Amino acid sequence: MKDDIQDTKNYLQEISEQLYIYISQVSPSGLDWIIHIIVKLALLCALFLLADFIFKFAINSVFRLFHNEEKFPVLKSIYQSKITNSVAHFAALTIVGGIQSSIFPEGALPKTTIFIIRSVNLGLVLILAGMLYRSLAAFRNYFAIKQDFYKIMALNAISETVKILGIFIFSVVGLCVVFGIKGTTIVGSLGAITAVLVLVFRDTILGFVTGIHVATSKNMKVGDWISIPKYSIEGNITEISLLTTKITNFDKTVSTIPTYDFLTTEIKNMQVMSESNTRRIKKSIYFNINSFKFLTDEDIERLKEINLISDYLEQKNIEIKNENASLEHKDKVVNGRQLTNIGVFRYYAQKYIEHDPDIDKKGTRMVRQLDITPQGLPLEVYCFANDSKWERFEQIQADIFDHLLVASKEFDLQVMQISVKV
C-alpha cells in the first residue's frame, strides 16, 4: 500500500516537472510565474470542485433524511442555513491544500508555492467566516421553528454585533495570511485603537446591550403594539435591528428610532391589551362647581323616573330621613346627610357603564372624582372597552360620553367650557 502511494507521488512529481519545463518554454520571458500560478490554480480549483461536489452530496443526503422539523429541529435548522455546504467546502479545500505539495513539489515550481499556500489558507479563513454567519442563521431558524420570538429578537441584535466583530477579526486574520504577518503584531497594536473603535461602534454596542435586555425582560417583540409618548408614535413594531427599530404607525407612516432608546425612553407596550381584546377608557368630564347643589324632595321625585337610579334614590332617601329625624335644626339643609346632584350623577354614571354591553365585565369599572382644577371638578370614567380595535374603541368611548354629557343636564349640572364673548 505504501509503495503504491509512493509510486503515485513520484508519478505526479514527474508530470509536475514536465509541466513546469513546458510552461517555462512557451511562456513569454518574465511572465512564466504568472502562467504557473494560473495553471496551478486551475488544476486545484478543478480538484476542489470535484471534492466539494462529493462532500456536499454525501452530507446533504444524510441531512435530508431528518426533514421533519418537529422531531429534528436542530438538524433541520442546520440544513436550512446551509452549514453543511460550508463544512463540505472546508473539507474539500483542506484536502486540496494537503495534496497540493504532492501534486506540485516545491522543487518543481518554487516561485509560486508560497502564493498557492497562502491562497488556500485565505480560502479556509473565508469559509470559516461564512460558516460563522450561517451558524447565526441556523440559530434564527431554530428559534423560528420553536416560535420563540423574544430569542429571535435578541439573536438579531447579537448577530449584527457578531457580524461586525467577525468582519474585523477575519479581516485581520486574512491580512496576516496574505502578507505573512504574525498575528501578535496586529493584536499588539489593537490597544491603541480600542478607544476609536468604542467611539465608532457606540450605537452598535448600545444596540447589542438593548437587544439582550429586551430579550431577557421579554418586554416587547416584533409585531407588538407600542406607544412612545416622547415621539408621539403609536403603532406596531415591524423590525428591530442592531441600530434602528422600525414602527408602522396607524396613520400608515413608518417611524425609525434608535434601538438603544428602549433603555432610556418611556415605551408603553399595549400588546397585552390587544391580545385580551380590551382597551382602557380613561377620560374625564369637567363640571362647573357652581352648578352643584343639594337635591330637594322635588328633585328626588323627578330623578326617580330614571330607571338606573330609582331604587338607589328610594333607599337613600329613606335612610337619610331616618338619620336626620333626631337632629336639631333638621330643617337646615346643611345639617346631616343630603343627596347632591353631582353625587347622584356619579352613581348614575357608574351604573350606566356597568350596564353597557360594550364594557368589559371583568375589568375595573369606576367613576371617580379627581382633584379640583381651575377648569372645574373632573369626573373621570375608568373602564375597559371589550374591543381593542381602534375604530370600534373610539365609537364605544364616544357613545358613553355623548350620553353622559347630555344626561348631566337632567341633574342640573353644568359642563365647563370656555365662554366666548361676542
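Look up: the structure comes first, before these words.
For every chain, the first residue of the written sequence is number 1, and numbering continues from 1 along that sequence. Reporting of local features is limited, given that this is a predicted model, to residues whose pLDDT is at least 70; pairs of side-chain atoms are given and counted only at 80 or more, and all residues count toward the totals for whole chains, interfaces and linings. Only heavy atoms go into the side-chain values, all of them from the structure, while hydrogens and water stay out.

Some words on the nonpolar core
Side chains of nonpolar character tend, in soluble globular proteins, to be buried together. Residues belong to a common nonpolar core when they are buried Ala, Val, Leu, Ile, Met, Phe, Trp, Tyr or Cys residues joined through side-chain atoms within 4.5 Å. Burial status follows relative accessibility: with a 1.4 Å probe on protein chains alone, a residue under 20% of its type maximum counts as buried, one over 50% as exposed, and anything between as partly exposed. Counting 33 residues, the largest nonpolar core has Ile281, Phe345, Ile400 and Leu404 as its most contacted members. In this text, helices come from DSSP runs of H or I with a minimum length of four residues, and strands from runs of E with a minimum of two, each type numbered from the N-terminal end. For this core, the secondary structure elements donating two or more residues are β6 (279–287), α12 (297–303), α13 (307–324), α14 (341–354), β8 (377–385) and α15 (390–407). It is α14 that contributes the most residues to this core, 7 residues altogether. Setting aside residues up to four positions removed in sequence, Leu404 forms contacts with Ile285, Phe345, Tyr348, Ala349, Tyr352 and Val381. Contact criterion: two residues are considered in contact whenever any of their non-hydrogen atoms come within 4.5 Å of each other.

Concerning the packing of aromatic side chains
Two rings belonging to Phe, Tyr or Trp (six-membered ring only in the last case) form a pair when the distance between their centres is within 6.5 Å. Interplanar angles under 30 degrees mark stacking, angles over 60 mark edge-to-face geometry, and anything in between is tilted. Enumeration over the complete set of coordinates arrives at 9 aromatic pairs. Seen in terms of ring centroids, Phe250 and Trp390 are 5.6 Å apart; in terms of plane orientation they differ by 45 degrees. Their pairing is tilted. Linking Phe250 in the loop between β3 (244–249) and β4 (254–258) with Trp390 in helix α15, this pair joins segments that are 140 residues apart in sequence. Ring centres of Phe345 and Phe411 lie 5.3 Å apart, and the angle between their planes is 70 degrees; on these two criteria the pair is classed as edge-to-face. Of this pair, Phe345 sits in helix α14 while Phe411 sits in the segment after α15, and the two are 66 residues apart along the sequence. Comparing Phe345 with Phe411 shows no difference in burial state: the two are buried. Three or more aromatic residues joined by ring pairs make a cluster, and in this case those are Phe287, Phe345, Tyr348, Tyr352 and Phe411. The ring of Phe393 carries Arg279 above its face, with NZ or CZ at 4.5 Å from the centroid. Of note, Lys283 hangs over the ring of Phe401, and the distance from its end group to the ring centre comes to 5.3 Å. Whether a charge sits over a ring depends on NZ of Lys or CZ of Arg being within 6 Å of the ring centre and within 35 degrees of the ring normal.

Brief notes about the sheet that holds β3
Strand order in the open sheet formed by 5 strands is β4-β3-β2-β1-β5, and the pairing between neighbours is antiparallel. Edge positions in the open sheet fall to β4 and β5 (268–269), since each of these has one partner strand only. In this scheme, strands are said to pair when DSSP sees at least two bridges between them. Pairing geometry for strand β1 (residues 225–228) and strand β2 (residues 233–240), over 4 bridges, is antiparallel. Looking across to β2, one finds that Ile228 is bridged to Ile233.

Considerations on the sheet that holds β6
Taken in spatial order, the 3 strands make up an open sheet running β6-β8-β7, and their pairing is antiparallel. Whereas interior strands pair on both sides, the edge strands pair on one side only; in this sheet they are β6 and β7 (366–369). Geometrically, the sheet is characterised by an average inter-axis angle of 20 degrees between neighbouring strands, direction not taken into account. In this structure, β6 lies alongside β8, joined through 9 bridges in antiparallel fashion. From the neighbouring strand, Lys283 faces β8, where its bridge partner is Val381. A fitted line through C-alpha atoms represents every axis, and for helices the fit uses only the stretch in contact; the resulting angles, taken between N-to-C directions, go from 0 to 180 degrees. The strands that α14 touches are β6, β7 and β8; relative to β7, the one it contacts most, it runs at about 155 degrees. Set on the sheet, α15 makes contact with β6 and β8; between it and β6 the angle comes to about 25 degrees.

Re the environment of Glu380
Summarising the element assignment, Glu380 is placed in strand β8. A relative accessible area of 3% places Glu380 in the buried class. Spatially, the C-alpha atom of Glu380 lies 6.9 Å from that of Leu370, the residues being 10 residues apart in sequence. Here Glu380 is in contact with Lys282, Lys283, Ser284, Met366, Val367, Arg368 and Leu370, once residues within four sequence places are set aside. Residues adjacent in sequence count toward polar contacts only when both atoms are side-chain atoms; beyond that, a polar contact is any pair of N or O atoms within 3.5 Å, and within protein one must be able to donate a hydrogen and the other to accept it. A distance of 3.2 Å separates a polar atom in the side chain of Glu380 from a polar atom in the side chain of Lys282. For Glu380, the side chain forms a polar contact with the side chain of Arg368, separated by 2.6 Å.

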